[in-house]
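Here's the letter readout for the chains.
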Amino acid sequence: MVRFTAYRKYLYYLQHFATPKKLHNILLNKSEQKNKQIQLKSKPFKITLDPGNVCNLKCPCCHTGIKHAEMIQPTFLSFKNYKIVFSNVKDYALSVALYNWGEPLLNKEIFDMIDYTTANKVGSTLHSNFNYLTPAMAENLVKSKLTHIYLSIDGASQEVYSKYRVKGNYDKVLGNIELLVDAKKRAKSKFPFITWKYLTFPFNIHEVEAARTKAEQLGVDNFEVFTASPHLMDIYDEAEKISANSTSLANTPEICSSLWSSLYVGPDGTVFPCSLSFRKSESFGNLLDDKLSTIWNNSSYQASRKMFSSRSDLDAVPLPCKGCKYFLKCSRKAQKTARLN
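All figures in this text were calculated on a predicted structure; none of them were measured in a lab.

Participant: Which parts of the structure should I look at to understand the packing of helix α5 (residues 135-143) against helix α7 (residues 170-187)?
Facilitator: The axes of two packed helices give the description: the angle between them and the distance between them. With their axes 9 Å apart at the nearest point, α5 and α7 run at an angle of 50° to one another. When the interaxial angle is binned, α5 and α7 end up oblique. As for the relative orientation of α5 and α7, their crossing is right-handed in sense. Only Leu179, Leu180, Ala183, Lys184, Arg186 and Ala187 of α7 make contact with α5, whose side of the interface consists of Pro135, Ala138, Glu139, Leu141 and Val142. A class-by-class count of the residues in the contact of α5 with α7 yields eight nonpolar, no polar and three charged.

Participant: Please explain the nonpolar core as it appears in this structure.
Facilitator: Nonpolar side chains in soluble globular proteins tend to be buried together. Among the nonpolar cores identified, the biggest contains 82 residues, and Phe130, Leu141, Ile177, Trp196 and Leu263 are the most heavily contacted of them. With seven residues, α7 is the single largest residue contributor to this core. Other than its neighbours up to four places away in sequence, Ile177 contacts Phe130, Leu151, Ile153, Trp196, Leu218 and Val220.

Participant: I'm lost on the side chain of Ser262 in this one. Help?
Facilitator: Looking at the secondary structure, you find Ser262 in strand β7 (residues 262-265). Judged by its relative accessible area of 4%, Ser262 falls in the buried class. Only 3.4 Å separates the side chain of Ser262 from the side chain of Ser261, close enough to count as a polar contact. Discounting residues that sit within four places of it in the chain, Ser262 has contacts with Pro44, Lys46, Ser257 and Trp296.

Participant: Can you walk me through the packing of aromatic side chains in this structure?
Facilitator: Centre distance and the angle of the planes are the two values used to describe a pair of aromatic rings. Evaluation of the coordinates by the stated rule reveals 17 aromatic pairs. Plain terms: the ring middles of Tyr12 and Phe17 are 6.0 Å apart, the flat faces sit at 75° to each other, and that makes the pair edge-to-face. Of the two residues examined, Tyr12 and Phe17, each falls in the buried class. Ring geometry for Phe284 against Tyr301: centres 4.9 Å apart, planes inclined by 85°, an arrangement best described as edge-to-face.

Participant: What should I look at first to understand the side chain of Thr252 in this one?
Facilitator: Structurally, the position occupied by Thr252 is in the loop between α10 (246-251) and α11 (258-261). Taking the relative accessible area as the measure of exposure, Thr252 reaches 5% and is therefore buried. In this structure Thr252 touches Ile242, Lys325, Tyr326 and Lys329, once residues within four positions along its chain are discounted.

Participant: Whenever I open this one, the pairing of strand β4 (residues 148-152) confuses me. Can you help?
Facilitator: Regular strands have side chains that alternate between both faces of the sheet. In terms of burial, β4 is a largely internal element, five of the five residues being buried. Alternating residues of β4 divide into His148, Tyr150 and Ser152 and Ile149 and Leu151, and every residue in both groups is buried. Pairing between strand β3 (residues 123-128) and β4: four bridges, direction parallel. Looking at the pairing, Thr125 lines up with His148 of β4. Considered for its hand, the β-α-β crossover made up of β3, α5 and β4 is right-handed. Taken together, the five bridges between β4 and strand β5 (residues 193-200) define a ladder with parallel strand orientation. Across the sheet, the residue bridging to Ile149 is Ile194, located in β5.

Reading the values: rules and limits
- Residues numbered from 1 in each chain as written.
- Predicted model: local features only at pLDDT ≥ 70, side-chain atom pairs only at ≥ 80, totals over all residues.
- Heavy atoms only, no water.
- Axes fitted to C-alpha atoms, helices over the stretch in contact; angles between N-to-C directions.
- Helix = DSSP H or I, 4+ residues; strand = E, 2+ residues; numbered from the N terminus.
- Parallel < 35°, antiparallel > 145°, perpendicular 65-115°, else oblique.
- Left-handed = near helix turned anticlockwise from the far one by under 90°.
- Contact = heavy atoms within 4.5 Å.
- Nonpolar A, V, L, I, M, F, W, Y, C, P; charged D, E, K, R; others polar.
- Core = buried A, V, L, I, M, F, W, Y, C linked by side-chain atoms within 4.5 Å.
- Buried < 20%, exposed > 50% of the residue type's maximum accessible area, 1.4 Å probe, protein only.
- Polar contact = N/O pair within 3.5 Å; in protein donor to acceptor, adjacent residues only side chain to side chain.
- Phe/Tyr/Trp six-rings, centres within 6.5 Å; stacked < 30°, edge-to-face > 60°.
- Pairing = 2+ DSSP bridges.
- Right-handed = clockwise from strand over helix to strand, strands pointing away.

What follows is the structure in structure tokens.
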């Protein structure tokens, strides 16, 4: 099994998708972040474009899986709109993450998106539960030159796997892996790199090694284990838990790098400030209505970045940033400074 580590992945992106303009933008972005600049000349280079917030499973710790009432309307991103959104980031992105709150392979135009991304010299990554695949789709994953695919498989038996991947079929997923590995072999392609992503819970941790063995037998490139959150992932719940734990608050990073380097776009064009955002009330703009150059330095982004500076105005910070762990840390810091003065 070849370990496609984060270092190797980003090295590959740099070797194959970097340009002088992209590299200059990354360096400028990092400088602006270090200096906590509020109005940026650089553009985001970590890009997530969600092909659809629709899924065929019902995972209990996912907003899509539980059909959260506050989520933006379930929809798929059309290829036409993808090209509009992508045009804003293609000159700055080394890679695009084509996933977030749904199953990307349910989008019938996903291969057009991947192929278009590749043609524009940008890498691409998918996360999939891999319950939906046909032989033709497996071939298209290879032909479109998808760079990397993560397969979310949290068990080595149907009984354990389906405790979290509700409505998932373990044997079908294994069969779909065989389809993809076979398609790669026939095309004599090493792409897409395949990572089996295993989320551990108390009920499935005993099957990790059996799953790792199965991954090796199937010809998967990489096997990664992550500790899962036992609860629904929500930016506000996270902050509430941290507020009751002084150690967790102290360990929270000093700055939210996403506000400088990352862009998250929903299937309807909605721009979100972080990966945990999903409500309409958390929108920072829409790339189907405005250009990135307009949105990237609008009042929402500037007010959110400003909370990390000495000129912070915490009352002006919008949701979801106003309810996150970083805002909590900044508020505590401001209160402490006020008491000392």
